[in-house]
Amino acid sequence: MHNHPRVVILGAGFGGLWAARSMAHTRAEVMLLDRNNYHTFLPLLYQVAAAELSPEDIVYPVRSILRKLPNVQFCLADIHRVDFSSTTVATNGQAIAYDYLILAMGSVTHFFGVPGAAQHAFNLKTLEQGIDLRNQILSCFERALHERNRECRRRLLTVAIVGGGPTGVEFTGALAELVRGPMVKDFRQLDLREVRVVLLEASQTLLSGLPRKLSAYAQDRLHRMGVELHLGTTVSEVTRLFVKLKDGTVIPTETVIWTAGVRGDPMAEFWGLPTSGGGRVQVLPTLQLADHPEVYIVGDLAHGETNGRPLPMIAPVAMQQGTTAARNILRHMNGGNPLPFHYSDRGTMVTIGRNAAVVNFAGCAVSGFAAWVVWLSVHLAKLIGFRNRLLVLINWAWDYLFYERAVRLILPLRTGGDLRQRESNSTSTEDSGDSAA
Ligand SMILES: Cc1cc2nc3c(=O)[nH]c(=O)nc-3n(C[C@H](O)[C@H](O)[C@H](O)COP(=O)(O)OP(=O)(O)OC[C@H]3O[C@@H](n4cnc5c(N)ncnc54)[C@H](O)[C@@H]3O)c2cc1C
């Protein structure tokens, strides 16, 4: 190994970016790869889909983030394959050799093999998918204006969200507020009593990982916002025109949003890495691969455990693992041994809408306005870039004061209507036996 060992990081999400930052100003030569030249702040993606924020507000150019880190380079590339024996990464451009490798490619939507879901349901995992979903919702309202057939009109005005976890609850709340607020003003000719926002959840409660009183609060708030809640409900089929439940109920809709599950990026399986049921790669406590100790896995792609349970697929886990992997590599470069990863739990917070959120931290369960202020402050502070923080703050204030959504735009998309099909191709190896929401 030469004087400046090359560390290649695949993915500039939370895990990859935090790993790269932790190796700044060291003797490592770091190369960060991603298919996008920006980092996406995924926790606010649902607000892009709900016309609350512009896509640019939640992304930040990777090169700007790395500008002051002289030993870290960025390479825009689609990662195709890793050859672990020759220690090279194959991309759509050059092949890149590494001394150490960090895999941080994140996760994809998990459809649990439900027929039609991968083809017809909308996902919320990438910026393009957020814009695609916003386009769909706004386009359906535009089409409904000219639709004389009542059944067709109601179908266009029905949105079904599958999955009552944090993303499903946050998006449902934001959508309900969009519909009952700005859309009422924009679509005066429509009878908005025909609009249905339906949330489908397999278990008996929303936000099932949180204390019962917080789940009950979220449920009550959404109910009061006019959302139809179907708990203990399993989806059996999704088509272009309806979603069908296991009990035979058919909900006519052209907009089904799947937030019910995620799994590790399937590429790791294609490359022959050992994975858990959820497509996450089995790692040693130090985050290394057992057969290739020079390779580390972090974030959603890594299967780690805390107190005998899998670590959640959330940003703090990815950031902390990225930092640990980087430090372990530096330790190894300096002749030391890697240390095990310990997750420091910073709690969970979910917003339901205006003045309403839940926070669960260190055994303390808070809901309502105080929790909402905490949620706003934490998300604002975590966003990368002062300009983004300012823009998001202005948009939130505008929305709060005037009950307006600034970005009700139907934008042309480069990838057009292919987004759902593309996701279905990338997850075609999914198992089909699991239960779904
Ligand atoms: C809608 C949504 C809301 C969320 N809300 C929250 C929240 O409120 N709080 C929270 O803590 N967590 C939240 N999460 C989860 C959190 O975002 C993830 O746990 C976190 O992003 C995982 O980090 P990661 O680095 O593993 O992957 P990611 O952040 O997903 O990064 C993966 C990166 O790899 C790149 N990549 C993947 N494949 C390739 C390839 N073949 N070639 C090139 N580049 C590639 C991607 O472009 C991406 O930049 C949310 C997730 C979503 C989708």
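Notes on the structure in this doc start here. (Residues numbered from 1 in each chain as written. Predicted model: local features only at pLDDT ≥ 70, side-chain atom pairs only at ≥ 80, totals over all residues. Heavy atoms only, no water.)

### Topic: the nonpolar core
The biggest cluster of nonpolar side chains holds 127 residues, and the ones touching the most others in it are L103 and F171. Here this core takes 9 residues from helix α11 (residues 315-333), the largest share from any one element. Setting aside residues no more than four positions away along its own chain, F171 makes contact with Y46, A49, A50, L124, L133, I137, I161 and I257. (Core = buried A, V, L, I, M, F, W, Y, C linked by side-chain atoms within 4.5 Å. Buried < 20%, exposed > 50% of the residue type's maximum accessible area, 1.4 Å probe, protein only. Helix = DSSP H or I, 4+ residues; strand = E, 2+ residues; numbered from the N terminus. Contact = heavy atoms within 4.5 Å.)

### Quick word on the site of the ligand
Within the structure, the ligand sits among 29 residues, and G15, D34, I79, M267 and D300 are positioned closest to it. Between M313 and the ligand, the recorded distance is 3.1 Å, taken from a backbone N or O atom to an oxygen atom. I314 is positioned with one of its backbone polar atoms (N or O) 3.2 Å from an oxygen atom of the ligand. Put simply, the parts of the chain that give the shell around the ligand at least two residues each are α1 (14-22) and α11. Considering every element that reaches the shell around the ligand, the biggest residue donor is α11, with 3 residues. (Near = heavy atom within 4 Å. Polar contact = N/O pair within 3.5 Å; in protein donor to acceptor, adjacent residues only side chain to side chain.)

### Things to note about the pattern of salt bridges
Applying the stated rule across the entire model yields 10 salt bridges. E194 serves as the salt-bridge partner of R153, at 2.8 Å between the closest nitrogen and oxygen. Residue R153 is located in helix α6 (residues 150-156), and its partner E194 is located in the loop between α8 (182-186) and β12 (196-201); the two are separated by 41 residues in the primary sequence. Linking R263 and E269 is a salt bridge whose minimum nitrogen-to-oxygen distance equals 3.6 Å. Look at R263 and you get buried, because its relative accessible area is 2%. (Salt bridge = Lys/Arg side-chain N within 4 Å of Asp/Glu carboxyl O.)

### Focus on the pairing of strand β17 (residues 255-258)
Across a regular strand the side chains alternate sides, sitting on one face of the sheet and then on the other. By the alternation rule, side chains of β17 split into T255 and I257 and V256 and W258, which are all buried. Across 4 bridges, strand β11 (residues 158-162) lies against β17 in parallel orientation. Residue V162 lies in a different strand from β17, and its bridge partner there is W258. (Pairing = 2+ DSSP bridges.)

### Overview of the packing of aromatic side chains
With the rule as written, the count across this model stands at 8 aromatic pairs. Measuring from centroid to centroid gives 5.5 Å for F141 and F187, while their planes differ by 55°, and the two rings are tilted. Residue F141 is located in helix α5 (residues 127-145), and its partner F187 is located in the loop between α8 and β12; the two are separated by 46 residues in the primary sequence. You'll find F141 and F187 in the same group, each marked buried. Every member of this aromatic cluster is reached through a ring pair, and the members are F14, W18 and F41. Between the NZ or CZ atom of R21 and the centre of the ring of W18, over which it lies, the distance is 4.8 Å. One residue, R354, lies across the ring of Y403, its end atom 3.7 Å from the ring centre. (Phe/Tyr/Trp six-rings, centres within 6.5 Å; stacked < 30°, edge-to-face > 60°. Lys NZ or Arg CZ within 6 Å of the ring centre and 35° of its normal.)

These figures capture arrangement, not role.
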